[in-house]
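Each chain, letter by letter, is given below.
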Amino acid sequence: MSPGGGALLVVGDVVTDIVARHRAPLAPGTDTAAAIRTVPGGAGANAAAWAASWGCGDVRLLGRVGAESAAWHEEALTRAGVRPRLVVDPGAPTGTVICLVDGAAGAERSFLSDGGASLRLSAADWSPALLDGVGWLHLSGYLFFAGPSRAAAGAALASARARGVPVSVDPASAGFLAELGVDAFLAAADGVHVLLPSEDEARLLTGLPDAADAAVKLSRQFPAVVVKRGAAGALVARDGEVRATVPARPAEPRDSTGAGDAFTGAFLASRLGGSGLGEAAAEGCRAGAQAVERIGGRPPLPESTAP
């Protein structure tokens, strides 16, 4: 499978991230000092923004948001170089994620997630015409964790298959993946060309403790598998073999929120630009290193006011 040029269409989550960076351990029942910022986020939206920053000239995004912050998110995506198509939900607010970032533990983060409107994206929000001019479709894994958005992902995948458009999926969350069930996810992702799991997600999907073994097993089901390993770099597997081991780039981590999304965006931009899987994975590692040195999950932009 080789990329054929054209636009990148991302279908996925657009959420508001509240990032709280703390250095002392969380103190139950009282205060813990933290630096807190409100920034635009969402795995799908972040990946789209990074793809645009990595030179993809036509990046489009389909997502669902609440009315209270639709204009703010649309402006942020547009300024990031993304062409957003945001469905405004009349009955649910924009999803919100509270990101607790432990500054004393390598900027490792934990999430409190309320999917809000993003999980209400439905098959009715999809149209095959959205693929006009599109050379690659990327589906955020968060779509698979609720019935309506899973149906939207299925409709998009079926349309892409009918048109011969390559599709990638980032499983997105080991926690939600465990709740959904491995078999259900693998069935929903059937027909995907490139799977982009984290190391934890790859292990969960295969039941294998070794990342390389997990990548090999997954590559017997998906044409290409790229396992994101954070500070350990990435693995590329095809046809039951590890084809490339890509080292990470040095970084001084401040916030690991969105590092995997940055990898995905840069990887997809590079693939659409004609790079091979190994070279694209190396670009993904470069973007991930840049992402962990920033607060929030997006590439640098001019300052904007919060909603």
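Caption draft 1: Focus on the overall build of the chain. Tallying secondary structure elements over the chain gives 9 helices and 13 strands in all. In terms of C-alpha radius of gyration, the chain reaches 18 Å, essentially the compact-globule figure of 19 Å for 307 residues. With the C-alpha coordinates aligned to their principal axes, the bounding extent of the chain is approximately 50 × 40 × 35 Å. For the chain, the share of sequence-separated contacts (at least 6 apart) that also reach a separation of at least 24 residues comes to 71%. By element, 52% of the accessible surface of the chain is carried by carbon and sulfur atoms, the whole surface being about 12,300 Å². Within the chain, the 31 negative side-chain charges are centred at a point lying 4 Å from the centre of the 26 positive side-chain charges.

Caption draft 2: Geometry of the packing of helix α1 (residues 43-53) against helix α8 (residues 259-272). It is at 7 Å that the axes of α1 and α8 come closest, and there the two elements cross at 45 degrees. Regarding the angle of α1 to α8, the classification is oblique. Relative to α8, α1 is oriented so that their crossing is right-handed. Counting all contacts with α1, which are made through Ala43, Asn46, Ala47, Trp50 and Ala51, the residues of α8 involved are Asp261, Ala262, Thr264, Gly265 and Ala269.

Caption draft 3: Expanded view of the sheet that holds strand β12 (residues 234-238). Taken in spatial order, the 9 strands line up as β5-β4-β1-β8-β9-β10-β11-β12-β13 in an open sheet, and their pairing is mixed. The sheet is open, and its two edges are formed by β5 (82-89) and β13 (241-246), each paired on a single side. Strand direction decides the pairing type here: strand β10 (residues 194-195) and strand β11 (residues 224-228), joined by 2 bridges, are parallel. Counterpart to Val194 in the pairing with β11 is Ala224. Contacting β8 (134-140) and β9 (167-170), helix α3 (residues 147-163) runs over the sheet at an angle of about 155 degrees to β8.

Caption draft 4: Spatial organisation of the environment of Phe176. Relative to the assigned elements, Phe176 resides in helix α4 (residues 174-180). Judged by its relative accessible area of 29%, Phe176 falls in the partly exposed class. The sequence separation of Phe176 and Ser127 amounts to 49 residues, and the corresponding C-alpha distance is 27 Å. Leave out the neighbours within four places in its chain, and Phe176 touches Ser113, Tyr142 and Phe145.

Caption draft 5: Structural view of the pairing of β9. Taking every second residue as pointing to the same face, both faces of β9 are buried, with Val167 and Val169 on one and Ser168 and Asp170 on the other. With 4 bridges connecting them, β8 and β9 associate as parallel partners. Bridge pairing in β9 links Leu137 to Val167. The parallel pair β8 and β9 is bridged by α3, and the resulting crossover is right-handed.

Caption draft 6: Highlighting the packing of aromatic side chains. For the coordinates displayed, the defined rule picks out 6 aromatic pairs. Taking the centre distance of 6.2 Å and the plane angle of 50 degrees together, the rings of Trp50 and Trp54 count as tilted. Exposure class is identical for Trp50 and Trp54. Each is buried. Here the aromatic rings of Tyr142 and Phe145 are separated by 6.1 Å at their centres, their planes lie at 90 degrees, and the arrangement is edge-to-face. Accessibility expressed as a relative area gives 18% for Tyr142, which makes it buried. Here the aromatic residues Tyr142, Phe145 and Phe176 are joined through ring pairs into a cluster of three or more.

Caption draft 7: Spatial organisation of unusual backbone geometry. Although it is not a glycine, Ala172 sits at a positive phi angle of roughly 85 degrees. Note on placement: Ala172 falls in the loop between β9 and α4. On the basis of relative accessibility, which here comes to 22%, the residue Ala172 falls in the partly exposed class.

Rules of the game
Residues numbered from 1 in each chain as written. Predicted model: local features only at pLDDT ≥ 70, side-chain atom pairs only at ≥ 80, totals over all residues. Heavy atoms only, no water. Helix = DSSP H or I, 4+ residues; strand = E, 2+ residues; numbered from the N terminus. Rg over C-alpha atoms; globule rule 2.2 N^0.38 Å. Contact = heavy atoms within 4.5 Å. Areas by Shrake-Rupley, 256 points an atom, 1.4 Å probe, with all protein chains shown as cover. Lys, Arg positive; Asp, Glu negative; His and termini not counted. Charge placed at Lys NZ, Arg CZ, Asp CG, Glu CD. Axes fitted to C-alpha atoms, helices over the stretch in contact; angles between N-to-C directions. Parallel < 35°, antiparallel > 145°, perpendicular 65-115°, else oblique. Left-handed = near helix turned anticlockwise from the far one by under 90°. Pairing = 2+ DSSP bridges. Buried < 20%, exposed > 50% of the residue type's maximum accessible area, 1.4 Å probe, protein only. Right-handed = clockwise from strand over helix to strand, strands pointing away. Phe/Tyr/Trp six-rings, centres within 6.5 Å; stacked < 30°, edge-to-face > 60°.

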